[in-house]
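Per-entry structural report
Residue-level listing of the chains:
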Amino acid sequence: MKYLFHIITHYPLSCIAIAVIWYLCLFLDVHVHVGHVKAIDKWTHTVMYLGTGLVIWFEYLRQHKATNWRRVTYLIWLAPIAMGGLLEILQANCTGGRRSGEWLDFAANSVGSTLAFVIGILVARYRAR
């Protein structure tokens, strides 16, 4: 419980971003139609995970002077990818047909997380110099 309180107090924006993703993916039935943009749903997934990853990086760098690369790899890159996979499985099996889990959504989530991770690495290295 103490660790959860630490996470919420030190990473409030990250927690909000993650909660918004969970809400959008499981409870809100969103259909975005933009005729001239192909695969808008996949772009949306990529941007959601890119934005969340950058928010986590921002709060991590604000809280820590030195970068723990193992922790950052797990928390900023692998955990969001795993969360995206879990959400796609839950969408396919637990939303009563309102949402569908798709492999391409999972791939878009992974691309967003990877982009955020790479951008964060560049910022962290620049900050360390």
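This text goes with the structure placed above it.
In short, a report on the structure. Everything numeric here is computed off the predicted structure, so don't read it as measured data.

1. Re the packing of helix 2 (residues 12-26) against helix 4 (residues 69-94)
Where helix 2 contacts helix 4, the axes come no closer than 10 Å and their chain directions differ by 25°. Relative to helix 4, the element helix 2 is oriented roughly parallel. Pair helix 2 / helix 4 crosses with right-handed handedness. Contact residues: Ile18, Ile21, Trp22, Cys25 and Leu26 in helix 2; Met83, Leu86, Leu87, Leu90 and Gln91 in helix 4. A class-by-class count of the residues in the contact of helix 2 with helix 4 yields 9 nonpolar, 1 polar and no charged.

2. Focus: the layout of surface pockets
Estimated volume of the largest pocket: approximately 480 Å³. Along its surface, the largest pocket is lined by 21 residues, and Tyr3, Ile7, Tyr11, Ile56 and Leu75 are the ones closest to its centre. Residue assignment for the lining of the largest pocket shows that the elements contributing at least two residues are helix 1 (2-10), helix 2, helix 3 (40-63) and helix 4. Broken down by element, the lining of the largest pocket gets its largest block of residues, 7 residues, from helix 4.

3. Things to note about the nonpolar core
Residues Tyr11, Ile56, Trp57, Tyr60, Leu61, Val72, Ile76, Phe117, Ile121 and Ala124 constitute the largest nonpolar core, which totals 10 residues. The set of elements that each furnish at least two residues to this core consists of helix 3, helix 4 and helix 5 (103-128). Element by element, the count of residues in this core is highest for helix 3, at 4 residues. Dropping the residues within four chain positions of it, Val72 is found in contact with Trp57, Tyr60, Thr67, Trp77 and Phe117. Judged by nonpolar contacts, the second largest core, of 7 residues, contains Ile21, Cys25, Leu26 and Met83.

4. Concerning the environment of Tyr23
Tracing the sequence through the fold places Tyr23 in helix 2. Once the C-alpha coordinates of Tyr23 and Thr67 are considered, the two residues, 44 residues apart in sequence, prove to be 30 Å apart.

Definitions and limits used
Residues numbered from 1 in each chain as written. Predicted model: local features only at pLDDT ≥ 70, side-chain atom pairs only at ≥ 80, totals over all residues. Heavy atoms only, no water. Axes fitted to C-alpha atoms, helices over the stretch in contact; angles between N-to-C directions. Helix = DSSP H or I, 4+ residues; strand = E, 2+ residues; numbered from the N terminus. Parallel < 35°, antiparallel > 145°, perpendicular 65-115°, else oblique. Left-handed = near helix turned anticlockwise from the far one by under 90°. Contact = heavy atoms within 4.5 Å. Nonpolar A, V, L, I, M, F, W, Y, C, P; charged D, E, K, R; others polar. 1 Å grid on protein atoms, 1.4 Å probe; cavity = no way out; pocket = protein on both sides within 12 Å on 5 of 7 lines; lining within 4 Å. Points joined across faces, edges and corners; volume = space filled by probe spheres on them. Core = buried A, V, L, I, M, F, W, Y, C linked by side-chain atoms within 4.5 Å. Buried < 20%, exposed > 50% of the residue type's maximum accessible area, 1.4 Å probe, protein only.

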